[in-house]
Amino acid sequence: MGKQLEEYNLRKIFEQIINISQNIEPFTVEELWKWTKFINTNEYLNNSLVIHKHSGVPIEGRKEKLNLQNIKGKYLLFDFIGHLPEMEIKQYNNFEELIESIISVNGILNPFTTLQIPIINGEAKNILFVLKYKTEISFENKLEKETMEEIKNEII
């Protein structure tokens, strides 16, 4: 039998996202719950979203209230693309996968990406906690193993 993923209170995570993003985008908990699409392990939370067939963006939000829903996964990433708008939370299997996604072509350096917030162990982090470890980040750069260990072991 597979290992159980950690679960975290979704409302608390949304509140942390709001706190970090307030100067970029003034979300509300209700808005995040209504429109956020979940990728990977948490896809079951998309049951009541109406998602556009071709773009994958929700065109009709959830009607039910956010109650005591939990989200699974130790490594998550909130991604916001403002011009669509599109909000999603994707679950990753490990820290390295999460960081690689952030610094990839589709990550924070993508001109279409408005905001990304890593969520580690149920705590939303400012994106700068990752970027501070690289003085020159480009799409081709990879994080060295030692740098990954420094980030993982930092008290966040």
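Everything below is about the structure printed above this text.
Conventions adopted
Per chain, the residues get numbers from 1 upward, laid out in the order the sequence is written. This being a predicted model, a pLDDT of at least 70 is required before a residue's local features are given, and a value of 80 or more before pairs of side-chain atoms are given or counted; all residues contribute to the totals for chains, interfaces and linings. Excluding hydrogens and water, the side-chain figures rest on all heavy atoms present in the structure. Only protein chains enter the accessibility calculation, which uses a 1.4 Å probe; a residue is then buried when its area is under 20% of its type maximum, exposed when over 50%, and partly exposed in between. A run of DSSP states H or I qualifies as a helix once it reaches four residues; a run of E qualifies as a strand once it reaches two. Both are numbered from the N-terminal end. DSSP calls a pair of strands paired once it identifies at least 2 bridges connecting them. Any carboxyl oxygen of Asp or Glu within 4 Å of a side-chain nitrogen of Lys or Arg constitutes a salt bridge here. Each aromatic pair joins two rings of Phe, Tyr and Trp (for Trp, the six-membered one) with centres within 6.5 Å, and gets the label stacked for planes under 30 degrees apart, edge-to-face for over 60, and tilted for any other angle. Look at NZ for Lys and CZ for Arg. If either is within 6 Å of the ring centre and within 35 degrees of the ring normal, a charge sits over the ring.

Chemist: Help me get a handle on the pairing of strand β6 (residues 75-81), residues and values and all.
Modeler: With seven of seven residues buried, β6 is to be regarded as a mostly interior element. Of the two faces of β6, the one carrying Tyr75, Leu77, Asp79 and Ile81 and the one carrying Leu76, Phe78 and Phe80 are both buried. Inspection of the sheet shows β6 paired to strand β7 (residues 86-92) by seven bridges, in the antiparallel sense. For Phe78, the partnering residue across the bridge sits in β7 and is Ile89. Connecting β6 to the antiparallel partner β7 that follows it, the hairpin turn spans four residues. Sheet analysis places β6 next to strand β8 (residues 115-120), joined by six bridges and oriented antiparallel. The residue of β8 that forms the bridge with Phe78 is Ile117.

Chemist: Run through the side chain of Thr36, naming residues and quoting values.
Modeler: Among the structural elements, Thr36 can be located in strand β2 (residues 36-39). A relative accessible area of 0% places Thr36 in the buried class.

Chemist: Please give an account of the pattern of salt bridges that cites residues and values.
Modeler: Should their charged atoms come close, side chains of opposite charge can pair. What the rule picks out here adds up to two salt bridges. Note that Glu86 and Lys37 form a salt bridge whose closest N and O atoms lie 3.6 Å from each other. On the criterion of sequence distance, the pair formed by Glu86 in strand β7 and Lys37 in strand β2 is long-range, its members being 49 residues apart. For the pair shown, Glu86 and Lys37 are each scored as buried.

Chemist: Go over the packing of aromatic side chains, please, and point to the residues and values.
Modeler: Per the counting criterion, the structure on display carries three aromatic pairs. Arranged with centres 5.7 Å apart and planes meeting at 80 degrees, the rings of Phe27 and Phe78 form a pair that is edge-to-face. With Phe27 in the loop between α1 (10-21) and α2 (29-35) and Phe78 in strand β6, this residue pair connects regions lying 51 residues apart in the sequence. Geometrically, the ring pair formed by Tyr75 and Phe95 is edge-to-face, given 6.0 Å between the ring centres and 65 degrees between the ring planes. You can see Tyr75 sitting in strand β6 and its partner Phe95 sitting in helix α3 (residues 95-102), a full 20 residues away along the chain. Accessibility expressed as a relative area gives 13% for Tyr75, which makes it buried. Members of the aromatic cluster, each reached through a chain of ring pairs, are Phe27, Phe78 and Phe80. Taking the ring centre of Trp33 as reference, the NZ or CZ of Arg62 above it sits at 4.4 Å.

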